[in-house]
Amino acid sequence: MISHELHAQIRRLFFAEHWRVHTIAAQLGVHHDTVRRAVESERFIRPGTQVRPSALDPYKAFITATLEQYPRLRATRLWAMVRERGYPGSAIQVCRYVRTVRPAARAEAFLRLETLAGEQAQVDWGNFGPIRVGATTRLLSCFVLVLSWSRACYARFALDQTLESFLRGHVEAFAALQGVPRTILYDNLKSVVLERVGDHIRFHPHVLELAGHYHFAPQPCAVARGNEKGRVERMIGFLRHAFFAARPFSSVADLNTQLIRWIAEVAHARCPAGGSSAWPRRSPRSSRASCRSRSTRSRAISCAPSTPARPPTSASTATTTRSPTR
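Residues numbered from 1 in each chain as written. Predicted model: local features only at pLDDT ≥ 70, side-chain atom pairs only at ≥ 80, totals over all residues. Heavy atoms only, no water.

Undergrad: Describe the packing of aromatic side chains, listing the residues and the values that go with them.
TA: The full count for this structure, using the stated rule, is 15 aromatic pairs. Between the aromatic rings of Trp 125 and Phe 166, the centroid separation amounts to 6.4 Å while the plane-to-plane angle is 35°, which identifies the pairing as tilted. Taken together, the residues Trp 125 in strand β1 (residues 120-133) and Phe 166 in helix α7 (residues 163-177) connect sequence positions 41 residues apart. A ring pair is formed by Phe 157 and Phe 243, whose centres lie 6.1 Å apart and whose planes are at 25°; its orientation type is stacked. Of this pair, Phe 157 sits in strand β3 (residues 153-158) while Phe 243 sits in helix α9 (residues 230-244); the two residues are 86 residues apart in sequence, bridging distant segments of the chain. For the pair formed by Phe 157 and Phe 243, the shared burial category is buried. In this structure an aromatic cluster arises from ring pairing among Phe 128, Phe 157, Phe 238, Phe 243, Phe 244, Phe 249 and Trp 262. We note Arg 83 situated over the ring of Trp 79; from NZ or CZ to the ring centre the distance is 4.2 Å. Cation over ring: Arg 240 sits above Phe 128, and NZ or CZ is 4.8 Å from the ring centre. (Phe/Tyr/Trp six-rings, centres within 6.5 Å; stacked < 30°, edge-to-face > 60°. Helix = DSSP H or I, 4+ residues; strand = E, 2+ residues; numbered from the N terminus. Buried < 20%, exposed > 50% of the residue type's maximum accessible area, 1.4 Å probe, protein only. Lys NZ or Arg CZ within 6 Å of the ring centre and 35° of its normal.)

Below, the structure is given as C-alpha cells:
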C-alpha cells in the first residue's frame, strides 16, 4: 500500500500534467504497476496495441516480397518503387516499416588462421595518398609481404603499382627475408588474376613464371573476402599509423631507407616468433621439401633496382646459383 499523499500525487501527475506511467514511476521511485493501480488504468486503457489503418497497408506485401529477394535494398529505393505503384505517402513511413521487416543478416562464423612455419605469405599493395614530386603530384603506394607464421615482413614504397614493381617486390622480399614460402596469398588484383569464373582462375603468365622459378604456389583470396589476408591488411594499417604518419622524407628512396631501419627495429621486434628469425631453424633431420621452402639461397636471382624484376626466362637473363639439398 502507498500513502494517500503519494496516491494523490500520482493521479495529479497522470490526469492533470499528462505524464506517462513510466515517467511517474521513475520520478517518484515506485514500480510502474503501482502507478497503474493508482490511476486505475484498466478502466480506460484497453490491452494490446490498436493499429490504425495506414496508406502503406496495400503495399506491405510487395515490400516484404521484394526484401526477401533483395535483402540489402535501400528503403529509399523501395519508397520509389511503391510510389510508382500509387503510394501517396512519404519515405519516412516506408523506412519505419522496412526496419521491422528487413531480413536479419545471417551471422557469419570465422576461423582463426593458423599456418605452419614457412607455409604461407600474404601480399598486397597499400595506398598512401598523393605526394609532391617536383612540379607534379604522384600517388604513393607500398608493396607489402608478410609471413603468416612469424609476421616478419618486407615493404617497399613506389610511385606506381605496375607489374614490374610488383615482381621486383617479390624478388627483394625473398632476398631480404632469406626464404620463400610454399604459398603466397593475394587479392584478386590484375597483376595476379587475369580472369576468374568461380573457382576457375587464369593467372598472369609473368606471375606463373615467377612462381615456377621460386617454387611457390600463388593463391588468390575468394571474391570479396579481404579478411582471408588479414595479416597483410593489418600490417598495412600498422605502417600507415606507426611509420608513415607525420614522417618527413626528402624522396621515395629516403623513405624506403627509413622503412628498412624501422622494420628491423620496430616491426620485427613485435613478431610472435620472438623477433629472432623469420624462418624456423633448420635441424639435421629436416626433410628435403622443408629445406626447399625455407631457403632462397639456391634460387637467388640478381635484380638491379633500376631495372624491372622479371623472372628469368633463360640461363642468359639471370644469374642463378644452386646448392645441393640434403
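Undergrad: Mind laying out the pattern of salt bridges, listing which residues take part and the relevant values?
TA: Scanning the entire structure with this criterion turns up nine salt bridges. For Asp 33, the salt bridge is made with Arg 36, and the minimal N-O distance between the two is 3.1 Å. With Asp 33 and Arg 36 both in helix α3 (residues 32-39) and three residues apart, this pair spans about one turn of that helix. Overall, Arg 36 belongs to the partly exposed group, its relative accessible area being 30%. Of the charged contacts, one joins Glu 172 and Arg 156 as a salt bridge, the two residues approaching to 3.4 Å between their closest N and O atoms. Of the two residues, Glu 172 sits in helix α7 while Arg 156 sits in strand β3, which places them 16 residues apart along the sequence. (Salt bridge = Lys/Arg side-chain N within 4 Å of Asp/Glu carboxyl O.)

Undergrad: Account for helix α10 (residues 252-267), with residues named and values stated.
TA: With 16 residues, α10 should cover 22 Å at 1.5 Å per step; its first-to-last C-alpha distance of 20 Å lies more than 12% under that length. Residues of α10 that are buried sit in contact with β1, β2 (136-147), β3 and α9. (Expected span 1.5 Å × (residues − 1). Contact = heavy atoms within 4.5 Å.)

Undergrad: So what's going on with unusual backbone geometry? Which residues, and what values?
TA: The backbone of His 18 sits at a positive phi, close to 60°, despite the residue not being glycine. Tracing the backbone shows His 18 in the loop between α1 (4-15) and α2 (21-28).

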